[in-house]
Amino acid sequence: MEETVIVAHKIFKAFGEGETEIQALRNVDLDIKRGDFAAIVGPSGSGKTTLLNILCGLDNVSSGEIKVSGRSLQEMSGSELAQFRREHIGLVFQAYNLIPVLTVLENIEYVMLLQHVPAAERKERVHTFLAELGLEGKENRFPAELSGGQQQRVAIARAMVSKPDIILADEPTANLDSETGGQLLEMMRKFNEELKMTFVFSTHDPQIMERAKRLITLTDGRIVSDELK
Amino acid sequence: MLLKLAWRNLWRNRTRTWLSTLVIAIGLVAMIFMDTMMVGMNTNMVKNATDSLMGHAQMHALGFRDEQDVKLTINDLDQALLQLEKHPDLKARSLRIVTQSMLTSSGGGEPVLSLGVDPEEEQLLSKFDEAIIEGEYLDSVSGQKLILGWKLAEKLELGLGDRLVLTAADAESGEMVQELFRLSGIFKTGEEKMDASMVLVARKTLQSMLKLEGRIHQIALRYSKLTQDGTPVNPLKKPDDSSKNELLLWTELMPSLYMISQMTDLSMAIMGTILFLIIALGITNTLLMGLYERMFEFGVIKSIGTTPWQAARIMFFEAVCLGFVSIIVGLILALFVTALFANYGIDYIGIEFSGVTFQEKIYPSYKWSRLVLYPFMSLGFTLLASLYPAFKLWKMLPVEALRKRKF
Ligand SMILES: Nc1ncnc2c1ncn2[C@@H]1O[C@H](COP(=O)(O)OP(=O)(O)OP(=O)(O)O)[C@@H](O)[C@H]1O
Ligand SMILES: [Mg+2]
């Protein structure tokens, strides 16, 4: 019954060559199921960012295979990958997710415009999420006029509106204080429960880890534990 | 959306954008201004040449221009004149006798070119009437009055009323014939050749002296409708060879003058290209700076689903916006500057350039085609300038850009 969104098989990733070669990922096997709310944890340099980049095709693997929504990422060109991400993957980074010259509304609309979503539907989707995220009335603000937590919420809205199969977030709460971070995670959790949106995020914060439904621990580029709670 | 993004990006660093705008605009102004000056100068030179004696076109018997043979008069003059009458664009014509001759006075002799004219006709073709500085212009198509240039007058130490003798070969036997004239006026055209070695007398008198009654060497023509180059819009058809006459436009009578105007076009094109290339390099630099500053941002833009080509388009759009703003600023500035000079003109009076002396101030003059061409050129070069930054953005890997984050 459970549907798999991402399958990663025997992933190796090395940076550099020869003497300076760094093995960032070693033999990583990973399945992400629809509805997962998974945290990737591990010490700094353990390969969290590298893994997330690879899962969305931003970075390529040294060896191994990745399938997202049934499609193999290795075979796609840069332009195909961009379009694939646009349709299937929502991305949230640690900070500065938003395009500074676009308003909140325009930032959220951006991907939908690339997807050619009709105007009426765009409007509707934007307003639903703004309401859900407690950002009503802020649609015409520029990112610089929002707090860090608000910016991250807008980033999540942007990732959500395009109706992707999965949202990947690299330390989305790292630049927030723990209270705001907690609220942000609550929000993600709510979307996970109510809309069955799949989330994979990395974090350092034990409080955040606690709220994950699945905990994937990386050490030195290996998955050392993968537990469901 | 991408356009909006580009437009707003452009105004993020206002100082830089205004500086770039200014550079492009000034380039455009320089081009337009130089061009209008060149066109103005050409117009001026052409007008000078065609207004002072030559006219816009001339008719001669075949061979007359080369041989200057007094016997070579226009063939079938009546027929030729009939043709001229019929042409609607013909404003004026002057029938002339032209002959090499010797002018002698008590003070000595000088070889001169004698022109026999009808003073009324000639007024509309040349400016001797306005150039009189002493005495008066000719007043009749016959009679013994003679006018000449101030340099010649000085050389021969002549004063008004002096008796002068013209000596020339007649058309029948080629024998030397002489005629007595009286100096009635002295002109100063500013043209060395005319002022130093040309005399004007009544046409009928010269005709009978040379035994050329009813015959004509040269018909100078003025057209009413001219192109901006100064060539007639609607010139007379050339007579065919059987007529033994030739009808030449000033472009053929004075090919060097025509070539100058063609060459200035070419040199403008070269200068323009160089100027715009330099500007383009500056723009490239500006765009690249903007690109490096916004690396992380473009990383985000590309990771959330903007294709490489769409990303490159953002850069193109930025360039186009920059180009447009600059062109508008440039055109306004250019109109202002040229209008300013169009009012005052630039004083080159008396300076000789390739055989033509400027008689009037130079006023910048537009060629409308150029006013369209140069803005398009600046836009084209701005786009060219964005090619490399756009390519950089196109191939930039989002992961690498994302690593540029400065938290
Ligand atoms: N572009 C790169 N070139 C060389 N080495 C790299 C590159 N990117 C990452 N690495 C190395 O790969 C390893 C894993 O890095 P990664 O950024 O994935 O760790 P992380 O778990 O996200 O760490 P952090 O918690 O500090 O974000 C590190 O040793 C890092 O130095
Ligand atoms: Mg990381």
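Residues numbered from 1 in each chain as written. Chains lettered and ligands numbered in written order. Predicted model: local features only at pLDDT ≥ 70, side-chain atom pairs only at ≥ 80, totals over all residues. Heavy atoms only, no water.

## Some details on the nonpolar core
Membership of the largest hydrophobic core comes to 84 residues, with the highest contact counts inside it found for Ile6, Ile66, Tyr110 and Leu168 of chain A. Tallying contributions element by element places helix α13 (residues 308–344) of chain B first for this core, with eleven residues. If we ignore the near neighbours within four places in the chain, the residues touching tyrosine 110 of chain A are Ile99 and Leu102 of chain A together with Met1, Leu2, Leu5, Ile301, Ile304, Thr306 and Ile314 of chain B. Of all hydrophobic cores here, the second largest spans 37 residues; its members include Met112, Met160, Leu184 and Phe199 of chain A. (Core = buried A, V, L, I, M, F, W, Y, C linked by side-chain atoms within 4.5 Å. Buried < 20%, exposed > 50% of the residue type's maximum accessible area, 1.4 Å probe, protein only. Helix = DSSP H or I, 4+ residues; strand = E, 2+ residues; numbered from the N terminus. Contact = heavy atoms within 4.5 Å.)

## Topic: the environment of serine 208 of chain B
Looking at the element boundaries, serine 208 of chain B is found in helix α9 (residues 203–209). In this structure the C-alpha to C-alpha distance between serine 208 of chain B and alanine 153 of chain B, which are 55 residues apart in sequence, comes to 25 Å.

## With respect to the site of ligand 1
Of all residues adjacent to ligand 1, which total 14 residues, the nearest are Ser44, Lys48, Thr49 and Thr50 of chain A together with Arg403 of chain B. At 2.5 Å, a side-chain N or O of serine 44 of chain A approaches an oxygen atom of ligand 1. Glycine 47 of chain A is positioned with one of its backbone polar atoms (N or O) 3.0 Å from an oxygen atom of ligand 1. When ligand 1 sits alone it has 630 Å² of accessible area, and the protein chains cover 68% of it. Broken down by secondary-structure element, the contributors of at least two residues to the shell around ligand 1 are β2 (22–33) and α1 (48–55) of chain A. Looking at the shell around ligand 1 element by element, the count peaks at three residues for α1 of chain A. (Near = heavy atom within 4 Å. Polar contact = N/O pair within 3.5 Å; in protein donor to acceptor, adjacent residues only side chain to side chain. Areas by Shrake-Rupley, 256 points an atom, 1.4 Å probe, with all protein chains shown as cover.)

## Here's the deal with the confidence of the model for chain B
Residues and elements named next belong to chain B. With 96% of its residues at a pLDDT of 70 or more, chain B shows a mean pLDDT of 88. No element of chain B has a lower mean pLDDT than strand β12 (residues 356–357), which averages 58, and none a higher one than strand β8 (residues 198–202), which averages 96. Two summary scores accompany this predicted model of the complex, namely pTM at 0.77 and ipTM at 0.92. (pLDDT = per-residue confidence, 0-100.)

## Looking at the interface of chain B and chain A
Between chain B and chain A, the contact holds 27 residues from the first and 30 residues from the second. When chain B packs against chain A, the two sides together hide about 2,400 Å² of surface, and 67% of this comes from carbon and sulfur. Summed over the shared surface of chain B and chain A, the number is three salt bridges. Two residues, arginine 403 of chain B and aspartate 59 of chain A, come together in a salt bridge whose shortest N-O distance is 3.9 Å. The tally of links from chain B across to chain A stands at eight residue pairs in polar contact (both at pLDDT 80 or more). Of all the secondary-structure elements, those providing two or more residues to the side of chain B that touches chain A are α1 (2–10), α12 (295–303), α13 and α15 (398–402) of chain B. Here the side of chain B that touches chain A gets six residues from one element, more than from any other, and that element is α12 of chain B. Here the side of chain B that touches chain A is built from residues that sort into 13 nonpolar, six polar and eight charged. (Buried area = accessible area lost by both parts, 1.4 Å probe. Salt bridge = Lys/Arg side-chain N within 4 Å of Asp/Glu carboxyl O. Nonpolar A, V, L, I, M, F, W, Y, C, P; charged D, E, K, R; others polar.)

## Observations regarding the packing of aromatic side chains
Taken as a whole and assessed by the stated rule, the structure comprises eleven aromatic pairs over all chains. On the numbers, 6.1 Å between centres and 25° between planes, the contact of phenylalanine 391 of chain B with tryptophan 394 of chain B is stacked. You can see phenylalanine 391 of chain B and its partner tryptophan 394 of chain B sitting in helix α14 (residues 368–395), three residues apart, about one turn around the helix. Members of the aromatic cluster, each reached through a chain of ring pairs, are Phe37, Phe199 and Phe201 of chain A. Taking the ring centre of tryptophan 150 of chain B as reference, the NZ or CZ of lysine 188 of chain B above it sits at 4.9 Å. (Phe/Tyr/Trp six-rings, centres within 6.5 Å; stacked < 30°, edge-to-face > 60°. Lys NZ or Arg CZ within 6 Å of the ring centre and 35° of its normal.)

## With respect to empty space enclosed by the protein
Counting across every chain of the model gives two cavities of 30 Å³ or more. Quantified by volume, the largest cavity comes out at close to 60 Å³. If you trace the largest cavity, you find it lined by Arg85, Arg86, Ile89, Gly90, Leu91, Val111, Arg158, Ala159 and Ser162 of chain A together with Ile304 of chain B. Elements supplying a minimum of two residues to the lining of the largest cavity: α2 (78–88), β6 (89–92) and α5 (148–161) of chain A. When residues in the lining of the largest cavity are grouped by element, the largest group, three residues, is from β6 of chain A. In the lining of the largest cavity, the residues fall into five nonpolar, two polar and three charged. Each pocket or cavity is described by its volume, and for the second largest cavity that value is around 30 Å³. As for the second largest cavity, its lining consists of Ile24, Phe276, Ile279, Ala280, Ile283, Ser378, Phe381 and Thr382 of chain B. Counting only elements with at least two residues in the lining of the second largest cavity, the list comes to α11 (255–293) and α14 of chain B. Of the residues forming the lining of the second largest cavity, the biggest block, four residues, is contributed by α11 of chain B. Among the residues forming the lining of the second largest cavity, the class breakdown is six nonpolar, two polar and no charged. (1 Å grid on protein atoms, 1.4 Å probe; cavity = no way out; pocket = protein on both sides within 12 Å on 5 of 7 lines; lining within 4 Å. Points joined across faces, edges and corners; volume = space filled by probe spheres on them.)

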